[in-house]
Amino acid sequence: MHNNILDDLTDYPFDRLRALLRDVEPPAGVAPIHMQIGEPKHAPPEFIGSALVDNMADWGRYPPPNATDGLRGAIADWLGQRYGLPTVMIDPARHIALVSGTREALFMAALLAVPETKAGAKPVVLMPNPFYQVYVGAAAMARAEIVLLPAGPETGFQPDFSAVDPAILERTALAYLNSPANPQGSIADLAMLESAIGLAREHDFVLAVDECYSEIYTADPPPGGLSACASLDAGCKNVLVFHSLSKRSNVPGLRSGFVAGDADLIALLLRLRQYGGAQLPLPVMNASEALWRDEAHVEHSRALYREKFDLALEILDGAFGATRPGGAFYLWLDVEDGAAAAKKLWEQAGVRVLPGEYLAQTDTAGTNPGRRFIRVALVHDIETTRDAINRISDTLRT
Ligand SMILES: Cc1ncc(COP(=O)(O)O)c(C=O)c1O
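Residues numbered from 1 in each chain as written. Predicted model: local features only at pLDDT ≥ 70, side-chain atom pairs only at ≥ 80, totals over all residues. Heavy atoms only, no water.

### Things to note about the side chain of serine 288
Applicable threshold: By definition, any uninterrupted DSSP run of H or I lasting at least four residues is a helix, any uninterrupted run of E lasting at least two residues is a strand, and each is numbered from the N terminus. Each residue gets one of three labels from its accessible area relative to the maximum for its type: buried under 20%, exposed over 50%, partly exposed in between, using a 1.4 Å probe on protein chains only.
Here serine 288 is to be found in helix α12 (residues 282–292). What makes serine 288 buried here is its relative accessible area of 0%.

### Observations regarding the environment of aspartate 160
Formally: Between two residues, a contact is recorded if the distance between any of their heavy atoms is within 4.5 Å. Polar contacts, as counted here, are pairs of nitrogen or oxygen atoms within 3.5 Å of one another; within protein the pair requires one atom able to donate a hydrogen and one able to accept it, and residues that are adjacent in sequence qualify only if both atoms are side-chain atoms.
Among the secondary structure elements, aspartate 160 is positioned in the loop between β4 (145–150) and α7 (166–171). Along the sequence, aspartate 160 and proline 150 sit 10 residues apart, while their C-alpha atoms lie 7.6 Å from each other. Beyond its immediate stretch of four places on either side in the chain, aspartate 160 contacts Pro150 and Thr155. There is a polar contact of 2.6 Å between the side chain of aspartate 160 and the side chain of serine 162.

### Description of the pattern of salt bridges
What counts, and what does not: What makes a salt bridge here is a side-chain nitrogen of Lys or Arg within 4 Å of a carboxyl oxygen of Asp or Glu, nothing more.
A complete count under the given rule lists 15 salt bridges for this structure. As a salt-bridge pair, glutamate 104 and arginine 273 come within 3.0 Å of each other at their nearest N and O atoms. Here glutamate 104 is found in helix α5 (residues 102–113), whereas its partner arginine 273 is found in helix α11 (residues 263–276), with 169 residues between them in sequence.

### Considering the sheet that holds strand β7 (residues 239–244)
Using the following cut-off: Paired strands are those between which DSSP finds at least two bridges. A fitted line through C-alpha atoms serves as each axis, taken over the contacting stretch for helices, and the angle formed by two N-to-C directions is quoted from 0 to 180°.
The seven strands lie next to each other as β2-β8-β7-β6-β5-β3-β4, forming an open sheet whose pairing is mixed. In this open sheet, the two edge strands, each paired with only one partner strand, are β2 (96–99) and β4. Taking each pair of neighbouring strands and ignoring which way they run, the sheet shows an average axis angle of 20°. Inspection of the sheet shows strand β6 (residues 206–210) paired to β7 by four bridges, in the parallel sense. When the sheet's bridge partners are listed, aspartate 210 is paired in β7 with phenylalanine 242. Against the sheet, helix α9 (residues 225–232) contacts β6, β7 and β8 (257–261), and its axis sits at roughly 145° relative to β7.

### Structural notes on the nonpolar core
Using the following cut-off: Throughout this description, the term nonpolar core refers to a set of buried Ala, Val, Leu, Ile, Met, Phe, Trp, Tyr and Cys residues connected via side-chain atoms within 4.5 Å.
Core analysis: the largest hydrophobic core is formed by 53 residues, its most contacted members being Leu79, Ile90, Leu126, Phe161, Leu177, Leu207 and Leu226. At seven residues, helix α4 (residues 69–83) tops the list of elements feeding residues into this core. Non-local contacts of phenylalanine 161, meaning those with residues more than four positions away in its chain, are made with Leu126, Leu149, Ala175, Tyr176, Leu177, Met192, Ala196, Leu199 and Leu207. If you look at the next biggest cluster of nonpolar residues, it comprises 31 residues, including Val99, Val134, Tyr135 and Leu269.

### Brief notes about the packing of α5 against α11
Filter applied, for reference: Any angle between 65 and 115 degrees counts as roughly perpendicular, while under 35 counts as roughly parallel, over 145 as roughly antiparallel, and the rest as oblique. Under the scheme applied, nonpolar residues are Ala, Val, Leu, Ile, Met, Phe, Trp, Tyr, Cys and Pro; charged residues are Asp, Glu, Lys and Arg; polar residues are all the others, including Gly.
Interhelical geometry of α5 versus α11 gives an angle of 110° and a closest axis separation of 10 Å. Judged by the angle between their axes, α5 and α11 are roughly perpendicular. Listed contacts from α11 to Glu104, Met108, Leu111 and Leu112 of α5 are Leu265, Leu268, Leu269, Leu272, Arg273 and Gly276. Residues that form the contact of α5 with α11 fall into these classes: seven nonpolar, one polar and two charged.

### A few points about the site of the ligand
Cut-off, in case you're wondering: Here a residue is considered near a molecule or strand provided that any single heavy atom belonging to it is located within 4 Å of it.
What surrounds the ligand is a group of 14 residues, the closest being Thr102, Asp210, Ser244, Ser246 and Arg255. For the ligand, an oxygen atom lies 2.8 Å from a polar atom in the side chain of tyrosine 213. The dominant element in the shell around the ligand, judged by the number of residues it contributes, is α5, at three residues. A breakdown of the residues in the shell around the ligand according to their chemical character gives four nonpolar, six polar and four charged.

### Some words on unusual backbone geometry
Note the cis peptide between asparagine 129 and proline 130, where omega equals 5°. By secondary structure assignment, the location of proline 130 is in the loop between β3 (124–129) and α6 (133–141). Cis rather than trans, the peptide bond between serine 179 and proline 180 has omega equal to -10°. With respect to the helices, strands and loops of the structure, proline 180 is situated in the loop between β5 (172–178) and α8 (190–202). Phi is positive for alanine 328, which is not a glycine, with a value near 65°. With respect to the helices and strands, the residue alanine 328 is situated in the loop between α13 (296–316) and β9 (330–334). Given the relative accessible area of 3%, alanine 328 is considered buried.

No statement about biological role is implied by the geometric values presented.
This is how it looks when you write it as structure tokens:
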């Protein structure tokens, strides 16, 4: 079988990194440290253990198509409290879809949002550059044209929707926004979210706001797509937000997230998932409910990330443009040539990081906005982090 679209997709960043480092050995006698992947390594809360094993009979039942009432209620309560939403805004029965992690839901968003044509031409999917890889794969599989919006220092590392040509907006079927953003940690403020929602409604496209890092922030909790919906008209039209327990609760293996927003779009997503999605097992739903109802473990984890940023910034002392991002858990370091630095770090320091160019595409001006950067995931414990950042600092400064 031959699928041209899949053949045309660039290899996934981690495959490209494996290829880059195929013939490079880390130094002997030094324990390698893996910081290339955003896989949280803080301990997940112990209380999920009982939810997973107490009702073994539940493993023998097909799960309900869209979560238990308890889980949808916990999610609606969490959204209401986290974003200060009016109580009537989120109806757990109509505005929430449970998903097996947000990766697949972000992918499915393109399948449901992109029609065959828009304004009589090929539909467009807008996304920031750099971006989370799934957006590109989703847009390509939905046979849309990808339009990359620069998200570099000039625009505060977030895309500027207001700069998009209206003719492109007319053809836009879907726009991805990511806040706090992977890899730069930048945050879309309320005004930016409101203006993106305004454009989505004016030009009738779906705004997909990827908020999987929403709970990992430095100062104030970042606003979300739903806060902007609340401040505009308390309706969710054209907007979907994506939330995950992976980063919030350190359970990337649980594969538990949700999508909330526009009731019509949620209905379509649920329909699509009935045909092509896997439901979460009931014990996982029960564990998820317990996690959305608990904030103590989230605060604990957030404090640990803050401590690690303090430490990393102290060691780096302003080198490589190191700054404290608004959110997420990555250092986005300007090292002039990210691929060369990643190779050097693996070979000389046994630290594995991701070249920024693998998280971005070359734009129409011929520039890959990630080329100068490396992404360093601060996912380990404090001592491992200290060791790794010292190694990075020593190696790249010489
Ligand atoms: C920006 C972004 N969105 C979504 C995801 C998907 O997370 P999950 O599928 O675990 O919910 C990730 C994971 O790394 C991510 O970095």
